[in-house]
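Residue-level structure breakdown
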Amino acid sequence: MRKQRVLKAAAGVMSVCLLAGSLAGCGVKKAEGTVSTTAGTAAEGTVQTEAKASDEKEAPVKLKLFLTNKNIVDGSYAKKMIEEATNTELEIIQVPTKDLDNKLNILLASGERPDIIQCETETMESQLLSSGILLPLNEYWDNYPNLKNARDEATWDVMRYSDGNIYSIGIKNPNPLSIIAYRKDWLDKLGLEVPTTLDEYYEVASAVAKQDPDGNGAADTFAFGGYQNVDTSWFDHIFGAYGALPNYWMEKDGHIVNGSIQPGMKDALIYLNRMYKDGLIDPEFVTDDPKRWQQKVKSGIFGAGVTKIHIFDQNNWSNYYEPFIQAYPEGEHVYGPVLTGGSDNPVGIRMASERGWLRTFVSKDSKHIDACLRLLDYLTSEEGNRFAQYGVEGEHYKWEGDKLVRLIDDKETNDLDLNKFFIGNTVLFDHSSPELFDAFEFSHTICTPNPVDGIFIDELNDIYPKLKEITNTRYIEMIVGETEIEGGFEKFVEEWNSRGGDELTKVLDEAYQAKK
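Everything in this summary refers to the structure shown in the same document. This structure is a prediction, so every number in the text was calculated from the model and none was measured.

Burial analysis of strand E7 (residues 178–183) places six of its six residues in the buried class, the great majority of the element. Of the two faces of E7, both are covered, the one formed by Ser178, Ile180 and Tyr182 as well as the one formed by Ile179, Ala181 and Arg183. Pairing of E7 with strand E10 (residues 304–308), which is carried by five bridges, proceeds in the antiparallel orientation. In the sheet register, Ile179 faces E10, and the bridge partner there is Thr307. Pairing between E7 and strand E11 (residues 333–335): three bridges, direction antiparallel.

Next up, the structure:
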């Protein structure tokens, strides 16, 4: 059996109000029986289960799952194989990620509790954790070794709640998934090098946006863009050069502070406002949605800024590289370092939480805890994880040395519902190109870990979402010139502190000091 290719990343943080009484806790139920699972061969898609001595196969256990929408089709190949492997019958409620909190709130308020629940936001996770309806996975996982061994101790420690228990397993992805990148073919054409300072960067950004590097005679190229519900992470390469990252916690003189209100951010906003006025930033970043932004990345109109690391995978992870290379057959990206010139202590791009962008929980009120954990154990096993993503060896993929070669295209993968079961999985890159791994390795040298990742306090749920919204709104107003930066930044800092930022920082720092 080949060792799965998994990337290790440095440890990095971690409003919907649930209706009163809908999340009342109940006593922990014991599993239906002691079960030990070991994944069978991926080709057979089976899982062996120790059960009561019986010659008859037990009827499949019906489970209800509340998942982010991946368009899993009832009766599809992957779904049937997973059901067969785990002796389950899965009823899946699928909800768009942006609606997960609201739909889950409504569902739970109605008294209905799915056996398995997913959420993405820290707000909903905090509500669920404080509600008492979740199963502590760590109390059961000695009987489910694949689940227990799916993460290392450092990751489980980040997942551990304040009561000492672990209630969820997240998607394990490389971290970070963004990188500072430049169009190397354009740099070569323009006679420029990868910039290392803010002054050099401005020269590159100006050339990319103003000197028609694609040669089509239209003013349709920019340094970088972004999308609606603007996340300031798209500006990390500039903010970081000035020593902090907005909406991100950092340690300063041994204490926790938020990057949003650090003095250097004012100078960073002045720099970005100049870029915006000079036409170097895509002006549609305020109105674009994620899909539109992705289309622009794939079409190659951005040449100097933070982008998705996927663009470096020449085997087309998430379909970034292929559309790009079709548009620019000679196109090439190169990554760049943290920029200097704005601060004595520049910082790199932010990291996602090591807890994973999507977390999966089991309801402790489920009548089928054993089956829930059996499903998680299979999907987190090496065989089950690979099957869910790639299918069956010899039919859907083959090995050439240590390299996995897919035998089906993206459409067939989608039709079979492969690579759709995002339930505690570890994202595999057995099929990816060496260029992606080089980019992963480089990205780890330019990222900034979050020192409070894994700290759970009520104020993060009650206060922080609004503070992030305020920061995004005020920053964009200053970048596009709707608000004067001089005086406007100082008013923003006052607003941030008065709306709970001061209180949150104090409480979070106390929790951080206690955990150190």
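Anyway, onward from the coordinates.
Attention now moves to unusual backbone geometry. Asn175 connects to Pro176 through a cis peptide bond whose omega is 5°. Take Pro176: it is sitting in the loop between strand E6 (168–170) and E7. Phi is positive for Asp212, close to 45°, though the residue is something other than glycine. By secondary structure assignment, the location of Asp212 is in the loop between helix H7 (198–210) and helix H8 (236–239). Residue Asp212 is classed as partly exposed on the basis of its relative accessible area of 24%.

As a general point, the strands of a sheet are linked pairwise by backbone hydrogen bonds and lie either parallel or antiparallel. Here five strands make up an open sheet; going across it, the order is E4-E3-E5-E13-E6 and the pairing mixed. Edge positions in the sheet fall to strand E4 (88–95) and E6, since each has one partner strand and no second. Across the sheet, the axes of successive neighbouring strands diverge by a mean angle of 20°, strand direction being ignored. Direction of pairing for E6 relative to strand E13 (residues 359–362): antiparallel, over a ladder of three bridges. Bridge assignment links Ile169 to a residue of E13, and that residue is Thr360. Along the sheet face, helix H2 (residues 100–109) touches strand E3 (61–68), E4 and strand E5 (116–119) and points at about 140° away from the line of E3.

Direction vectors running N to C along helix H9 (residues 264–277) and helix H18 (residues 485–515) enclose 135°, while the axes themselves pass 10 Å from each other. Of the possible angle classes, the one that applies to H9 and H18 is oblique. At the point where H9 passes H18, the crossing takes the right-handed sense. From H9, Met265, Lys266, Leu269, Ile270 and Asn273 reach across to H18, where they touch Ile485, Glu486, Phe489 and Glu490. Partitioned by chemical class, the residues of the contact of H9 with H18 number five nonpolar, one polar and three charged.

Okay, helix H1 (residues 77–86) next. Among the ten residues that make up H1, seven are buried, leaving the element largely enclosed by the rest of the structure. The complete set of buried residues in H1 reads Ala78, Lys79, Met81, Ile82, Glu83, Ala85 and Thr86. One or two steps after H1, the chain reaches Asn87, where phi turns positive at roughly 55°.

Two measures define how a pair of helices packs: the angle their axes make with one another and the distance between the axes. Contact geometry for helix H17 (residues 464–479) and H18: axes closest at 10 Å, N-to-C directions at 175°. Looking at the two axes, H17 sits roughly antiparallel to H18. Seen from H17, the contacting residues are Tyr464, Lys466, Leu467, Ile470, Thr471, Arg474, Tyr475 and Met478; seen from H18, they are Ile485, Gly488, Phe489, Phe492, Glu495, Trp496, Arg499, Gly500, Gly501 and Leu504. Here the contact of H17 with H18 is built from residues that sort into ten nonpolar, four polar and four charged.

Let us now look at the side chain of Thr471. Relative to the elements of secondary structure, Thr471 occurs in helix H17. The class of Thr471 is buried, set by a relative accessible area of 0%. Apart from the residues lying within four places of it in its own chain, the contact partners of Thr471 are Pro246, Asn247, Ser260, Phe492 and Trp496.

Take Gly225: it is sitting in the loop between H7 and H8. Residue classification places Gly225 among the buried residues on the basis of a relative accessible area of 4%. Taking C-alpha positions, Gly225 is 9.9 Å from Gly303, a pair spaced 78 residues apart along the chain.

Right, let's get into the pattern of salt bridges. If the charged atoms of two oppositely charged side chains come close together, the side chains can form a pair. Enumeration according to the criterion identifies 33 salt bridges in this entry. Of the charged contacts, one joins Arg160 and Asp157 as a salt bridge, the two residues approaching to 4.0 Å between their closest N and O atoms. With a relative accessible area of 28%, Arg160 lands in the partly exposed category.

Analysis parameters
Per chain, residues are indexed from 1 in the order of the written sequence. Note on the predicted model: pLDDT of at least 70 is required for a residue's local features to be given, and 80 or more for side-chain atom pairs to be given and counted; whole-chain, interface and lining totals, by contrast, use all residues. To get the side-chain values, take all heavy atoms of the structure and skip hydrogens and water. Each residue gets one of three labels from its accessible area relative to the maximum for its type: buried under 20%, exposed over 50%, partly exposed in between, using a 1.4 Å probe on protein chains only. Secondary structure is summarised from DSSP: a helix means a run of H or I of at least four residues, a strand means a run of E of at least two, and numbering begins at the N terminus for each. By definition, two strands form a pair when at least two bridges between them are found by DSSP. Think of each axis as a best-fit line through the C-alpha atoms, taken over the contacting stretch in the case of a helix, with angles from 0 to 180 degrees between the N-to-C directions. Throughout, a contact is declared for two residues whenever any of their heavy atoms are within 4.5 Å. Under this scheme an angle from 65 to 115 degrees is roughly perpendicular, one under 35 degrees roughly parallel, and one over 145 degrees roughly antiparallel; angles in between are oblique. Helix crossings are classified by the rotation of the near helix relative to the far one: an anticlockwise turn of less than a right angle makes the crossing left-handed, while a clockwise turn makes it right-handed. Residue polarity follows a fixed list, in which Ala, Val, Leu, Ile, Met, Phe, Trp, Tyr, Cys and Pro are nonpolar, Asp, Glu, Lys and Arg are charged, and the others, Gly among them, are polar. Salt bridges are counted wherever a side-chain nitrogen of Lys or Arg sits within 4 Å of a carboxyl oxygen of Asp or Glu.

These figures capture arrangement, not role.
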